[in-house]
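Letter by letter, the chains look like this.
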Amino acid sequence: ALEYSVELDIEVERTAYLVLLGLLIRTNSLANVVDVVYVMARTGVSLGTHLSALVIYRLGCARELGCAVKVFGLLPDEQRSTTTYTALIAAYFSAGDVDKGLKAFETMKRLQINVALGTYRVLITGLEKSGQVHKLDTYRTEKKILQGRSCPQDVSSEEIICNLLFASDFLV
């Protein structure tokens, strides 16, 4: 269906793309997910920040790191957010690529994208699972500082979404 619509230059609605993505994810045809996201990006149909994060995270959990990175790369800058960066970091850690996960985190901070408790949860859990406990203290300290200065009204909706997805102990 996707190839047919591209070949005949048929305009497809966002809902149809989302249905196709859901089907591909449920049937574990994850390599094809990138093709759909590519066509969506090329035709100006937005997946949206939150759905992008879920797709990146799902690809990462399935150990499809290359696909997760490609989907992240297809996002416009305004959709590279706390949640999508955290999903990318989680994908790197799921694939065992700790260094790239930490590099993505540093890029996120350098670009002044807000870091959420969910981001620290992903970092700390990933480092623990990879056995790199010597790096944990830094991130645990940063997480405590963030927890100490975060008032509920100071937390953006983007950070709340990230926390709900990645910090299972987060309360709204």
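Details of the structure are given in the entry above.
Conventions used here
Residues numbered from 1 in each chain as written. Predicted model: local features only at pLDDT ≥ 70, side-chain atom pairs only at ≥ 80, totals over all residues. Heavy atoms only, no water. Axes fitted to C-alpha atoms, helices over the stretch in contact; angles between N-to-C directions. Helix = DSSP H or I, 4+ residues; strand = E, 2+ residues; numbered from the N terminus. Parallel < 35°, antiparallel > 145°, perpendicular 65-115°, else oblique. Contact = heavy atoms within 4.5 Å. Nonpolar A, V, L, I, M, F, W, Y, C, P; charged D, E, K, R; others polar. Expected span 1.5 Å × (residues − 1). Buried < 20%, exposed > 50% of the residue type's maximum accessible area, 1.4 Å probe, protein only. Arc of directions from axis to C-beta. Salt bridge = Lys/Arg side-chain N within 4 Å of Asp/Glu carboxyl O. Phe/Tyr/Trp six-rings, centres within 6.5 Å; stacked < 30°, edge-to-face > 60°. Left-handed = near helix turned anticlockwise from the far one by under 90°.

(A) Representation of the packing of helix 3 (residues 30–42) against helix 5 (residues 65–74) within the structure. Contact geometry of helix 3 with helix 5 gives a least axis separation of 9 Å together with a crossing angle of 10°. With respect to each other, helix 3 and helix 5 are oriented roughly parallel. Here Leu30, Ala31, Val34, Val37, Tyr38 and Ala41 of helix 3 come into contact with helix 5, specifically with Cys67, Lys70, Val71 and Leu74. Per-class residue counts for the contact of helix 3 with helix 5 are nine nonpolar, no polar and one charged.

(B) Spotlight on the side chain of threonine 84. Tracing the backbone shows threonine 84 in helix 6 (residues 82–94). Threonine 84 has contacts with Thr49, Ser52, Ala53, Ile56, Phe72, Leu75 and Gln79, leaving out every residue within four places of it along the chain.

(C) The arrangement of helix 7 (residues 98–110) in detail. Here helix 7 is 13 residues long and its end C-alpha atoms lie 18 Å apart, about the 18 Å a rise of 1.5 Å per residue gives. Of all the positions in helix 7, only Val98, Gly101, Leu102, Ala104, Phe105 and Met108 are classed as buried. Considered in projection along helix 7, the buried side chains sweep an arc of 155° and stay on one side of the axis. The outward face of helix 7, more than 90 degrees from its buried face, is lined by the exposed residues Asp99, Lys103 and Arg110. Note on helix 7: the residue one or two positions beyond its end, glutamine 112, has a positive phi of about 60°.

(D) Representation of the pattern of salt bridges. In the structure shown here, the tally under the stated rule is two salt bridges. Linking lysine 109 and glutamate 142 is a salt bridge whose minimum nitrogen-to-oxygen distance equals 3.5 Å. Here lysine 109 is found in helix 7, whereas its partner glutamate 142 is found in helix 9 (residues 136–149), with 33 residues between them in sequence. Taking relative accessible area as the criterion, lysine 109 reaches 31% and is therefore assigned partly exposed. For glutamate 142, a relative accessible area of 21% corresponds to the partly exposed category. Among the ionic pairs, glutamate 128 bridges to arginine 140, the shortest N-O distance being 2.6 Å. You can see glutamate 128 sitting in helix 8 (residues 117–130) and its partner arginine 140 sitting in helix 9, a full twelve residues away along the chain.

(E) Structural context of unusual backbone geometry. With a phi angle near 60°, asparagine 28 is a residue other than glycine that sits in the positive phi range. Relative to the assigned elements, asparagine 28 resides in the loop between helix 2 (14–26) and helix 3. Positioned with a positive phi, glutamine 112 is a non-glycine residue whose angle comes to about 60°. By the secondary structure assignment, glutamine 112 is in the loop between helix 7 and helix 8. On the basis of relative accessible area, glutamine 112 is assigned to the exposed category, the value being 71%.

(F) Local environment of the packing of aromatic side chains. This structure, assessed with the given rule, holds four aromatic pairs. Measuring from centroid to centroid gives 4.9 Å for phenylalanine 72 and tyrosine 85, while their planes differ by 70°, and the two rings are edge-to-face. On the criterion of sequence distance, the pair formed by phenylalanine 72 in helix 5 and tyrosine 85 in helix 6 is long-range, its members being 13 residues apart. Tyrosine 85 carries the same exposure label as phenylalanine 72, and that label is buried.

(G) Just the packing of helix 7 against helix 8, in detail. The geometry of helix 7 relative to helix 8 is characterised by a closest axis approach of 11 Å and an angle of 160° between their N-to-C directions. Overall, the two elements helix 7 and helix 8 adopt an arrangement that is roughly antiparallel. In this structure, helix 7 crosses over helix 8, and the sense of that crossing is left-handed. Along its contact with helix 7, which presents Val98, Leu102, Phe105 and Met108, the element helix 8 presents Thr119, Tyr120, Leu123, Leu127 and Ser130. Partitioning the contact of helix 7 with helix 8 into residue classes produces seven nonpolar, two polar and no charged.

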